[in-house]
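Residues per chain, in single letters:
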Amino acid sequence: MTEVCAAAHKEFDFLAEGDSQNAVADMLSKPAPHRATYKMVDPFYWVARPFYRPPVQVPRTVPGLVSPTVLVMQKCQGSTLTRLSQELNADPDLDRVAAGRKIVSYRLLENLSEAFARMVFEAPGITHGDPHPGNILMVLSATPLRVEVALVDWGQICTISEDMQLHLARLVVAMTESGSGSPPLTQTLDADDHLDTGGSSSSNQIRATRHNVAVAEAMELLGIEFEGREKCHYDAHGTRISTRQTPTEKTERAGDSTNVKGMGGDGVRDGRLPPWTEEPPVKSAAATALATHFFDTTPLSPPWEDHPLSEAHPLRTLRVTNFPKDLILTVRAVQILKAISEDAGLEEWDLAQRWRPHALHVLKHPT
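Bear in mind the structure is a predicted one, so any value in this text is a computation, not a measurement.

Re the overall build of the protein
Scanning the protein from N- to C-terminus turns up 13 helices and 13 strands. Here the protein holds 367 residues, and the buried ones make up 42% of them. Across the protein, contacts joining residues at least 24 apart in sequence account for 72% of those joining residues at least 6 apart. In the structure as shown, the protein presents an accessible area of about 19,300 Å², 55% of it carried by carbon and sulfur atoms.

Set out below in structure tokens:
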């Protein structure tokens, strides 16, 4: 209850809300860093720079008209997604409605995917945490190639630290590493819980396993903890010691009580998680499916299913025991983008691939 009260108090702090949306508006007013990295040798950058438009419009506050209880900002033109959907549904031509909805949704997803990628991976790391249809405004122009999108109501935000940005970038890159000709992100499993690549070579199985292990490791670096992944201990010779052994047994196996750097006084290394390569393949495959479920908009591949109550949901195989609070609203935003893509029949919209260039820039140019 205390957390709920604190969140409500923070949401109605108009001074903080105004500072957040002004900071994001300033950030989005410039081209993305990964596009401007080689601007000195890219003439197209200088040609396109004057015509740059931010992916979404963020209304700025009016100076002098913001207080803890009053917030005055620029007016955004357009209709909310809720009203726009109602107007489309009122059209008796169902085929035209379906086509119009798909075009509008595609442009909307393009803009929102780019905007959220920049909010997540660029300073100051402020991300809109409540992008429901009532907080998204759209202005349709005469041509479907141009759609103006605005995000309003910045009361619910999440702030992602530089370390969190770095870890999330590693996860996004790991998720999108399969590449052309590689197995899909989530593999089917045979009766023995081994990865089944449909009769493909063992090299594909090895590549798929390595891919899943990389994603699982990136998720743990991000601070996501899983049930059954208990920390292990290693003796002075690097021999793994079961976590279920008593301290006496650990000391006996360590051989001596020399205090070695990185070890306790009994010669036992500090606890750390065992390598994912020692886990059953089904666990790392489930971790990859969970990463897709949390941070991507594509549907899960068999044998996994997206519905959280399904027995085939990856959470049934690999339960999450801890999830970083700073990422909860980011995951919520991803789920809303997924709902928009599903509603428009764009289930294959790959958010992670669109975030990949931003993630690579973070890894290549850490702050």
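Further notes follow.
Description of the pattern of salt bridges
Counted under the stated rule, the structure contains 9 salt bridges. As a salt-bridge pair, Arg-107 and Glu-110 come within 3.2 Å of each other at their nearest N and O atoms. Of the two residues, Arg-107 and Glu-110 are both situated in helix α6 (residues 94-121); the distance of 3 residues between them amounts to about one turn of the helix. With a relative accessible area of 31%, Glu-110 lands in the partly exposed category. Residue Glu-279 pairs with Lys-283 through a salt bridge whose shortest N-O separation is 3.7 Å.

Section: the nonpolar core
Ranked by internal contacts, the top residues of the largest apolar core, which has 72 residues, are Leu-112, Phe-121, Leu-171, Met-219, Phe-295 and Trp-355. Among the elements that take part in this core, α6 stands out by supplying 10 residues, more than any other. Those residues in contact with Leu-112 that lie beyond four places of it in its chain are Val-56, Ile-136, Val-149, Leu-337 and Ile-340.

Some points on the side chain of Lys-338
Tracing the chain through its elements places Lys-338 in helix α12 (residues 328-343). Buried within the structure, Lys-338 lacks any salt-bridge partner; Asp-306 is the closest side chain of opposite charge, at an N-O distance of 4.1 Å. Each residue touching Lys-338, except ones within four places of it in the same chain, is listed here: Thr-292, His-293, Asp-296, Thr-297 and Asp-306.

Points about the environment of Leu-166
With respect to the secondary-structure elements, Leu-166 resides in helix α7 (residues 162-175). Under the relative-accessibility criterion, Leu-166 is labelled partly exposed at 22%. Apart from residues no more than four positions distant in its own chain, Leu-166 is found in contact with Val-362, Leu-363 and Pro-366.

Topic: a nonpolar patch on the surface
A surface patch of nonpolar side chains, amounting to about 210 Å² of accessible area, comprises Leu-65, Val-70 and Val-72. Turning to its location among the elements, Val-70 is positioned in the loop between β1 (61-66) and β2 (71-73). Given the relative accessible area of 41%, Val-70 is considered partly exposed.

Regarding the confidence of the model for the protein
Any residue range with low pLDDT should be treated as having predicted coordinates unsuitable for detailed reading. On average, residues of the protein carry a pLDDT of 77, and 70% of them reach 70 or more. Across residues 179-200 the pLDDT falls below 50, and counting only partners more than four positions away or on other chains, this stretch makes 49 contacts in the model. Below pLDDT 50 for its whole length, residues 243-269 participates in 49 contacts with residues either more than four positions away or in separate chains.

Remarks on helix α10 (residues 281-295)
For α10, with 15 residues, the first-to-last C-alpha span of 21 Å sits near the 21 Å given by 1.5 Å per residue. Most of α10 is tucked away: 14 of the 15 residues are buried.

Some points on unusual backbone geometry
Excluding glycine, a negative phi dihedral is what most residues carry, and trans is how most peptide bonds are arranged. The step from Ala-123 to Pro-124 runs through a cis peptide bond, and the omega angle for that step is 10 degrees. Here Pro-124 is to be found in the loop between α6 and β4 (126-128). For Asp-153, which is not glycine, the phi dihedral falls at a positive 65 degrees.

A short note on empty space enclosed by the protein
A complete count under the given rule lists 1 cavity of 30 Å³ or more for this structure. Quantified by volume, the largest cavity comes out at close to 40 Å³. Contributing to the lining of the largest cavity are Phe-116, Val-120, Thr-127, Thr-330, Ala-333, Val-334, Leu-337 and Trp-355. Looking at the lining of the largest cavity, the element that brings in the most residues is α12, giving 4 residues. The class makeup of the residues in the lining of the largest cavity is 6 nonpolar, 2 polar and no charged.

Let's talk about the packing of aromatic side chains
For the structure shown, the criterion picks out 5 aromatic pairs. Judged by centre distance (5.9 Å) and plane angle (85 degrees), the ring pair of Phe-226 and Trp-276 falls under edge-to-face. With Phe-226 in strand β10 (residues 225-226) and Trp-276 in the loop between α9 (247-254) and α10, this residue pair connects regions lying 50 residues apart in the sequence. Accessibility assignment for this pair places Phe-226 and Trp-276 in one class, buried. Taking 6.3 Å as the distance between ring centres and 75 degrees as the angle between the ring planes, the aromatic pair formed by Phe-294 and Phe-295 counts as edge-to-face. Each of the two residues, Phe-294 as well as Phe-295, counts as buried. Chaining the aromatic ring pairs together yields one cluster made of Phe-294, Phe-295 and Phe-323.

Examining the pairing of β1
Inspection of the sheet shows β1 paired to β2 by 2 bridges, in the antiparallel sense. In the strand pairing of β2, Thr-61 is matched with Met-73. A loop of 4 residues connects β1 with β2, the two strands running antiparallel in sequence.

Scoring rules and cut-offs
Residues numbered from 1 in each chain as written. Predicted model: local features only at pLDDT ≥ 70, side-chain atom pairs only at ≥ 80, totals over all residues. Heavy atoms only, no water. Helix = DSSP H or I, 4+ residues; strand = E, 2+ residues; numbered from the N terminus. Buried < 20%, exposed > 50% of the residue type's maximum accessible area, 1.4 Å probe, protein only. Contact = heavy atoms within 4.5 Å. Areas by Shrake-Rupley, 256 points an atom, 1.4 Å probe, with all protein chains shown as cover. Salt bridge = Lys/Arg side-chain N within 4 Å of Asp/Glu carboxyl O. Core = buried A, V, L, I, M, F, W, Y, C linked by side-chain atoms within 4.5 Å. Lys, Arg positive; Asp, Glu negative; His and termini not counted. Patch = residues over 30% accessible without salt bridge, like charges linked within 9 Å, V, L, I, M, F, W, Y side chains within 5 Å. pLDDT = per-residue confidence, 0-100. Expected span 1.5 Å × (residues − 1). 1 Å grid on protein atoms, 1.4 Å probe; cavity = no way out; pocket = protein on both sides within 12 Å on 5 of 7 lines; lining within 4 Å. Points joined across faces, edges and corners; volume = space filled by probe spheres on them. Nonpolar A, V, L, I, M, F, W, Y, C, P; charged D, E, K, R; others polar. Phe/Tyr/Trp six-rings, centres within 6.5 Å; stacked < 30°, edge-to-face > 60°. Pairing = 2+ DSSP bridges.

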